[in-house]
Amino acid sequence: MASAKKAPARPAGGSKSAGDGASESLALEGKKAPAFELQTGDGKTIKLGDLAGRNVVLYFYPKDMTPGCTTEACSFRDNIGAIRKLGAEVLGVSADSVATHGKFTDKYGLNFPLLADTENAIGKRYGVYKMKSLYGRKFMGIERTTFIIGRDGTIRKVFPKVKVNGHTEEVDAALKELSRS
């Protein structure tokens, strides 16, 4: 495995509120998490059902090897010990291929699985594959969103339109709250 590289620093910022078009994913909060079965960057298959009895941090991101996605992945990598201590596993999901996930994992020394949703089937079920706009151009893509799925398979918390800096701390706080309930 290649040595881990640090992601570039980005300006701080929290998640946007539900009032900016994130209603589809937020509507899942309190409901059973949609099942999935996807391949990882090393070719293994992970099913949500295989993680029953554990909390899951399921984060959707737009694209491997891009600045924001690298910052987010490296933050989860650097904080994986604290997250696992709270009884949770981290899974990243994007439409990138298994091969691209493998390269991303190796380049940055990621210590959790990245799942290949190449047809965006799971992104659609979680309400994160939607119309986006960048520099006046409209296109379909993944809206950066994180779901915390409880041990019972229920979505306990949704973070829509995630801003990457400070997000791992938000996830950590939500997991601590979940462990108290």
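Residues numbered from 1 in each chain as written. Predicted model: local features only at pLDDT ≥ 70, side-chain atom pairs only at ≥ 80, totals over all residues. Heavy atoms only, no water.

A.B. asks: So what exactly am I meant to see when it comes to helix H6 (residues 167-180) here?
C.D. replies: Each full turn of the α-helix corresponds to 3.6 residues, which orients residues three or four apart in the same direction. Along its 14 residues, H6 runs 20 Å from first to last C-alpha, staying within 8% of the 20 Å computed at 1.5 Å per residue. When we look at burial in H6, the residues that qualify are His167, Thr168, Val171, Asp172, Ala174, Leu175 and Leu178. Down the axis of H6, the buried set is contained in an arc of 165°. They therefore lie on one face. Contacts made by the buried residues of H6 are with strand S3 (55-60), helix H2 (67-78), helix H3 (80-85), strand S4 (88-94), strand S8 (145-149) and strand S9 (155-159). (Helix = DSSP H or I, 4+ residues; strand = E, 2+ residues; numbered from the N terminus. Expected span 1.5 Å × (residues − 1). Buried < 20%, exposed > 50% of the residue type's maximum accessible area, 1.4 Å probe, protein only. Arc of directions from axis to C-beta. Contact = heavy atoms within 4.5 Å.)

A.B. asks: Sorry, what's going on with the sheet that holds strand S5 (residues 114-116) here?
C.D. replies: Either a parallel or an antiparallel arrangement is found when strands of a sheet pair, and the pairing is made through backbone hydrogen bonds. An order of S2-S1-S5-S4-S3-S8-S9 is seen for the 7 strands of this open sheet, with the pairing classed as mixed. The outermost strands of the open sheet, each flanked by one partner alone, are strand S2 (45-47) and S9. Averaged over all neighbouring strand pairs, the angle between strand axes comes to 30°, with direction disregarded. Against the sheet, H2 makes contact with S3, S4 and S8, and its axis sits at roughly 165° relative to S3, the strand it touches most. (Pairing = 2+ DSSP bridges. Axes fitted to C-alpha atoms, helices over the stretch in contact; angles between N-to-C directions.)

A.B. asks: Quick question: what am I supposed to make of the packing of aromatic side chains here?
C.D. replies: The relative placement of two aromatic rings is captured by the distance of their centres and the angle of their planes. Considering all chains together, one arrives at 9 aromatic pairs under this definition. With centroids separated by 5.4 Å and ring planes inclined at 45°, the aromatic side chains of Phe60 and Tyr126 adopt a geometry described as tilted. Residue Phe60 is located in strand S3, and its partner Tyr126 is located in the loop between helix H5 (121-125) and strand S6 (129-134); the two are separated by 66 residues in the primary sequence. A relative accessible area of 0% means that Phe60 is categorised as buried. Tyr126 gets classed as buried once you look at its relative accessible area, which sits at 0%. These aromatic residues form a ring-pair network of at least three members: Tyr59, Tyr61, Phe76, Phe104, Tyr108 and Phe112. The ring of Phe159 carries Lys157 above its face, with NZ or CZ at 5.3 Å from the centroid. (Phe/Tyr/Trp six-rings, centres within 6.5 Å; stacked < 30°, edge-to-face > 60°. Lys NZ or Arg CZ within 6 Å of the ring centre and 35° of its normal.)

A.B. asks: Sorry, what's going on with the environment of Leu51 here?
C.D. replies: Assignment of secondary structure puts Leu51 in the loop between S2 and S3. We classify Leu51 as buried; its relative accessible area is 11%. Along the primary structure Leu51 and Gly153 are separated by 102 residues, whereas in three dimensions their C-alpha atoms are 8.7 Å apart. Setting aside residues no more than four positions away along its own chain, Leu51 makes contact with Ile46, Val56 and Leu91.

A.B. asks: Can you walk me through the pairing of strand S7 (residues 137-142) in this structure?
C.D. replies: Side-chain direction in a regular strand flips from residue to residue, so the side chains alternate between the two faces of the sheet. Two elements, S6 and S7, share 6 bridges in a ladder whose sense is antiparallel. Bridged to Leu134 within S7 is Arg137. The hairpin turn running from S6 into S7, its antiparallel successor, is 2 residues long, and Tyr135 in that turn takes a positive phi close to 55°.

A.B. asks: Before we go on, may I ask you to explain the confidence of the model for the protein chain in this structure?
C.D. replies: A low pLDDT score tells you not to read the predicted coordinates there in detail. Summary statistics for the protein chain give a mean pLDDT of 88 and a share of 87% for residues scoring 70 or more. The model gives residues 1-20 a pLDDT under 50, and that stretch makes 40 contacts with residues more than four places away or in other chains. (pLDDT = per-residue confidence, 0-100.)

A.B. asks: Sorry, what's going on with H2 here?
C.D. replies: Taking 1.5 Å as the rise per residue, H2 with 12 residues should run 16 Å; its terminal C-alpha atoms sit 16 Å apart, in good agreement. Counting buried positions along H2 yields 10 of 12 residues, so the element is predominantly enclosed. All of the buried residues along H2 are Gly68, Cys69, Thr70, Thr71, Glu72, Ala73, Cys74, Ser75, Phe76 and Arg77. Looking at the buried residues of H2, the elements they touch are S3, H3, S4, helix H4 (98-108), S8 and H6.

A.B. asks: Help me understand the pattern of salt bridges in this model?
C.D. replies: Between side chains of opposite charge, a pair can form as their charged atoms come close. One pass over the full model with this rule turns up 9 salt bridges. Its salt-bridge partner being Asp78, residue Arg77 comes within 2.7 Å of it at the nearest N-O pair. Since its relative accessible area comes to 9%, Arg77 is described here as buried. Judged by relative accessible area, which is 44%, Asp78 ranks as partly exposed. As a salt-bridge pair, Asp172 and Lys176 come within 3.0 Å of each other at their nearest N and O atoms. Here Asp172 and its partner Lys176 are both found in helix H6, 4 residues apart, which amounts to about one turn of the helix. Its relative accessible area of 37% is what places Lys176 among the partly exposed residues. (Salt bridge = Lys/Arg side-chain N within 4 Å of Asp/Glu carboxyl O.)

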